[in-house]
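# Observations on the three-dimensional arrangement
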Amino acid sequence: SFRTQLALGTLLLVVLAVLRPPAVWWALCLLAAGLVLTAEMLNTALEQALDRLHPERHEGIRIAKDCAAGAVLLASLTAVAIGALTVLVSLGWL
């Protein structure tokens, strides 16, 4: 949910402040976090609109919702990978 993603974004800021990675890693992490929140908002908007316009079950709507949820998952996994790389670089392991 958006609240969960926002809480994780706040945790990200704390981790970045503690680790103090180079500016490019700050930028990558903030960009990734912003994309996750954007994807989550678009997913919610699509689900709400489709549920309102067509409350009955429909295969095409199910596929659209699954794709939107998949986009959130992909953005989240990418953000986790960027975060992991940021930690590794900050600790001097990469």
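The structure this text deals with has already been given above.
Residues numbered from 1 in each chain as written. Predicted model: local features only at pLDDT ≥ 70, side-chain atom pairs only at ≥ 80, totals over all residues. Heavy atoms only, no water.

### Some thoughts on the pattern of salt bridges
- In total, this model carries three salt bridges according to the counting rule given.
- In this structure, E59 engages R62 in a salt bridge whose closest nitrogen and oxygen atoms are separated by 2.5 Å. Separated by three residues within a single helix, E59 and R62 lie in helix 3 (residues 59-90), roughly one turn from each other.
- With a closest N to O distance of 2.6 Å, R62 and D66 form a salt bridge. (Salt bridge = Lys/Arg side-chain N within 4 Å of Asp/Glu carboxyl O. Helix = DSSP H or I, 4+ residues; strand = E, 2+ residues; numbered from the N terminus.)

### So, a nonpolar patch on the surface
- A surface patch of nonpolar side chains, amounting to about 450 Å² of accessible area, comprises L8, L11, V14, V15 and V18.
- Given the relative accessible area of 64%, V18 is considered exposed. (Patch = residues over 30% accessible without salt bridge, like charges linked within 9 Å, V, L, I, M, F, W, Y side chains within 5 Å. Areas by Shrake-Rupley, 256 points an atom, 1.4 Å probe, with all protein chains shown as cover. Buried < 20%, exposed > 50% of the residue type's maximum accessible area, 1.4 Å probe, protein only.)

### Comments concerning the nonpolar core
- In terms of nonpolar packing, the biggest core is built from five residues, these being L12, L16, C29, A32 and I82.
- Sorting the residues of this core by element identifies helix 1 (2-19) and helix 2 (23-53) as the ones contributing at least two each.
- If sequence neighbours within four positions are ignored, L16 has contacts with P21, W26, C29 and T86. (Core = buried A, V, L, I, M, F, W, Y, C linked by side-chain atoms within 4.5 Å. Contact = heavy atoms within 4.5 Å.)

### Details of unusual backbone geometry
- Within the chain, R20 stands out as a residue other than glycine whose phi angle is a positive 50°.
- Counting through the fold element by element, R20 comes out in the loop between helix 1 and helix 2.
- Accessibility expressed as a relative area gives 67% for R20, which makes it exposed.

### Structural notes on the side chain of S76
- Its place among the elements puts S76 in helix 3.
- Taking the relative accessible area as the measure of exposure, S76 reaches 17% and is therefore buried.
- Each residue touching S76, except ones within four places of it in the same chain, is listed here: Q5 and V36.

### Concerning helix 1
- With 18 residues, helix 1 ought to run about 26 Å at 1.5 Å a step, and its terminal C-alpha atoms sit 25 Å apart, in line with that.
- Here helix 1 has its buried residues at Q5, L12 and L16. The arc that holds the buried residues of helix 1, viewed along the axis, is 30°, so those residues lie on one side. Exposed side of helix 1, more than 90 degrees from the buried face: R3 and V18 are the residues found there.
- Elements in contact with the buried residues of helix 1: helix 2 and helix 3.
- Downstream of helix 1 by one or two residues, R20 has phi in the positive range, about 50°. (Expected span 1.5 Å × (residues − 1). Arc of directions from axis to C-beta.)

### Here's the deal with the environment of G9
- By the element assignment, G9 lies in helix 1.
- Judged by relative accessible area, which is 21%, G9 ranks as partly exposed.
- Distance from G9 to A33, taken between C-alpha atoms, is 6.2 Å for residues 24 residues apart in sequence.

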